[in-house]
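Coordinate analysis (summary)
As a plain string of letters, each chain reads:
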Amino acid sequence: MSDREKLAANALRALAIDAVEAAKSGHPGMPMGMADVATALFARHLKFEAASPDWFDRDRFVLSAGHGSMLLYGLLHLCGYPDMTLDELKRFRQLNSRTAGHPEYGHAPGIETTTGPLGQGLANAVGMAMAEAHLAARFGAELCDHRTWVIAGDGCLMEGVSHEAIALAGALKLKKLIVLWDDNSISIDGPVSLADRTDQKKRFEAAGWRVLACDGHDAASIEAALTDAKTSDRPVMIACKTIIGFGAPKKAGTKSAHGEPLGPEEAAAAKAALGWTAGPFEIPEDVRAFWSEVGKRGLSERKAWEQRLASAGGETQRAFLEAVEGDVPEAAQEALAAHTRKMAETKPAMATRASSGAALEAIFAAYPALIGGSADLTGSVNTLVKGTPVYSAEDYGGRYVHFGVREHGMAAAMNGLALHGGVVPYGGTFLVFSDYSRPSIRLAALMGIRVVHVLTHDSIGLGEDGPTHQPVEHLAALRAIPNLHVFRPCDAVEAAECWALALARRDGPSALALSRQATPGLRGEAKDNLSARGAYELLPATGGEARVSLFSTGTEVAIAVAARDLLQKEGLPTRVVSAPCFALFEEQDEDYVASVIGEAESIVAVEAGVSQGWADLIGPCGFVGMWSFGASAPAKDAYRHFGITAEDVAAAAKELL
């Protein structure tokens, strides 16, 4: 490493020391340890241009070890990325700064994903590499030819999601995915060996990766590994042997360098040991000049790519830009609208998982950016459109992914697919297994990205598989995640409407909760997307002002309709409200909400789940639903056993009169 490059790396170390000291909290050790590797990567291997941070064919860089965020912020600042000013570095970890404690997508250009929960960035990167391979197969290397680079730490590799992600990437032979493992052998509690003695190199090799190694503080060793990695025919892991807190005389190589400021005395001693004489947050002009050149290094490549895009054939260019912009094509919208009208006319009795599959089939051909799959449940979750080629190492142009029994890895990869752009991901599993996906669903909501989770077998109605598979608390748990739209359609019309809403939504994820058992068609018109209001009156009261209002979702709406019939026969005017999406209903104006809730003296919510959330949505109400775990039994027997029948609903309504 040249003297100039050593100074450049030490600038990253100094900024990390200064920012953590100023904030009086943070993680200086990882940036100090990986500064040499990061400098070599950005200076000679990463394809990017700081002035054009959203250039589509840039390499993606993911800091999976998000606690070391000052490494990323320092790189972005020194390379000249917009918005990452020196003042932002000085405001590290402060309210409303762009330099949050862990990198947050959307806070500043160059932050490709939100990381911090360890392993998530690594798993996101698998999705990014999948998207690159797919778009290269669709549009050619002239328009899509880039790599995904990851810095991951020991903690990332201990988290379970890393196992799922690594195995998936190995099976798919994602050769443009390169993981730089910060092999410093230290975690918060102390040596990694306190809890883990895994041979990570053999682990990656067993999953089908190529494994390289380098001395993370030796320029020639780092350069050789990075250069070699780019020639691989499969994903690469480079074990970068580093010293956490490199340069700190007393704390280097110890847990004390991991998650706390060095302290004024050790910070000064570290800078002295590194030969860094500039003051806090001061960068010498020659160092700034070095990094400025690095930030401009991709200019010619970016211009050449833009020329290739401009020279592409009209249809290729149009399709590429449509994919990148991400809007739902007009033809797809029309196809789904026609399907919705057909469902309203025919009112088929079918499981809402089948209704979802039919809606997906109606739109799929007209929406080539859609790419989906399931966690080894294809036949059960209805996510495969007949005739769709499988995405595989042999055909990256396929649009259906067999994720394997890996809900967490699937959900995290879906986030990566969405973050990369050019594709719109969806993935299916059972609703009960959303527990496995939840960390990634939460991060999708935090980032505000479009992914669609198809969650079937949504209640005790799945029957004989029993309480291990019957979701009870899951609807409430998912609805508790801010910015997640949870849809539970009652029939084929609502299922199509909910798909339309999920795909049109650009600022957050959606989850479709769908039934295994058949349910009757209830909606006879589809002029407007009524599900867009979150809740609406499905059937009015007749014979006078409503004395009873029944609110419900999913398959229980049909039970509410049957209960209405019983109550109407007894001379009790009863209305039914379908509430497919709580979050959307909460966004409506006060007048609309008041009109839907109404003024009936008896209000009852009906849902085969726990009651949490209903009173917040519609006010004090009776509830017919689940108060315990389910039981293994045929669906009809289970509903009777737990008291979720039309007769039970009617009785509950009358008790409130």
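Notes on the structure in this doc start here.

The rules behind the values
Residues numbered from 1 in each chain as written. Predicted model: local features only at pLDDT ≥ 70, side-chain atom pairs only at ≥ 80, totals over all residues. Heavy atoms only, no water. Phe/Tyr/Trp six-rings, centres within 6.5 Å; stacked < 30°, edge-to-face > 60°. Lys NZ or Arg CZ within 6 Å of the ring centre and 35° of its normal. Salt bridge = Lys/Arg side-chain N within 4 Å of Asp/Glu carboxyl O. Helix = DSSP H or I, 4+ residues; strand = E, 2+ residues; numbered from the N terminus. Buried < 20%, exposed > 50% of the residue type's maximum accessible area, 1.4 Å probe, protein only. Axes fitted to C-alpha atoms, helices over the stretch in contact; angles between N-to-C directions. Parallel < 35°, antiparallel > 145°, perpendicular 65-115°, else oblique. Left-handed = near helix turned anticlockwise from the far one by under 90°. Contact = heavy atoms within 4.5 Å. Nonpolar A, V, L, I, M, F, W, Y, C, P; charged D, E, K, R; others polar. Pairing = 2+ DSSP bridges. Right-handed = clockwise from strand over helix to strand, strands pointing away.

**A closer look at the packing of aromatic side chains**
Applying the stated criterion across every chain, the model contains 16 aromatic pairs. Where Phe585 meets Tyr592, the ring centres are 6.4 Å apart and the plane angle is 70°; that geometry is what we call edge-to-face. Among the aromatic residues, ring-to-ring pairing joins Phe42, Phe48, Phe61 and Tyr81 into one connected group. Taking the ring centre of Tyr592 as reference, the NZ or CZ of Arg533 above it sits at 3.7 Å.

**Some points on the pattern of salt bridges**
All told, the structure shown has 32 salt bridges when counted by the stated rule. Taking the shortest distance from any N to any O, the salt bridge between Lys241 and Asp183 comes out at 3.5 Å. On the criterion of sequence distance, the pair formed by Lys241 in strand E7 (residues 236-241) and Asp183 in strand E3 (residues 177-183) is long-range, its members being 58 residues apart. Judged by its relative accessible area of 11%, Asp183 falls in the buried class. Each of Glu5, Arg44 and Glu223 takes part in salt bridges that share partners, so that together they form one network.

**Remarks on the packing of helix H15 (residues 352-364) against helix H20 (residues 492-504)**
Their axes nearest at 8 Å, the elements H15 and H20 cross at an angle of 55°. By the angle between their directions, the pair H15 and H20 is classed as oblique. Considering only the axes of H15 and H20, their crossing is right-handed. When H15 is examined against H20, the residues Ser355, Ser356, Ala359, Leu360 and Ile363 are found in contact with a partner set consisting of Ala492, Ala495, Ala496, Trp499 and Leu503. By residue class, the composition of the contact of H15 with H20 is 8 nonpolar, 2 polar and no charged.

**Quick look at the pairing of strand E6 (residues 210-215)**
Relative to E7, E6 is paired through 6 bridges, and the arrangement is parallel. Within the sheet, the bridge partner assigned to Ala213 lies in E7 and is Ala239. For the crossover that starts at E6, traverses helix H9 (residues 219-229) and ends in the parallel E7, the hand is right-handed.

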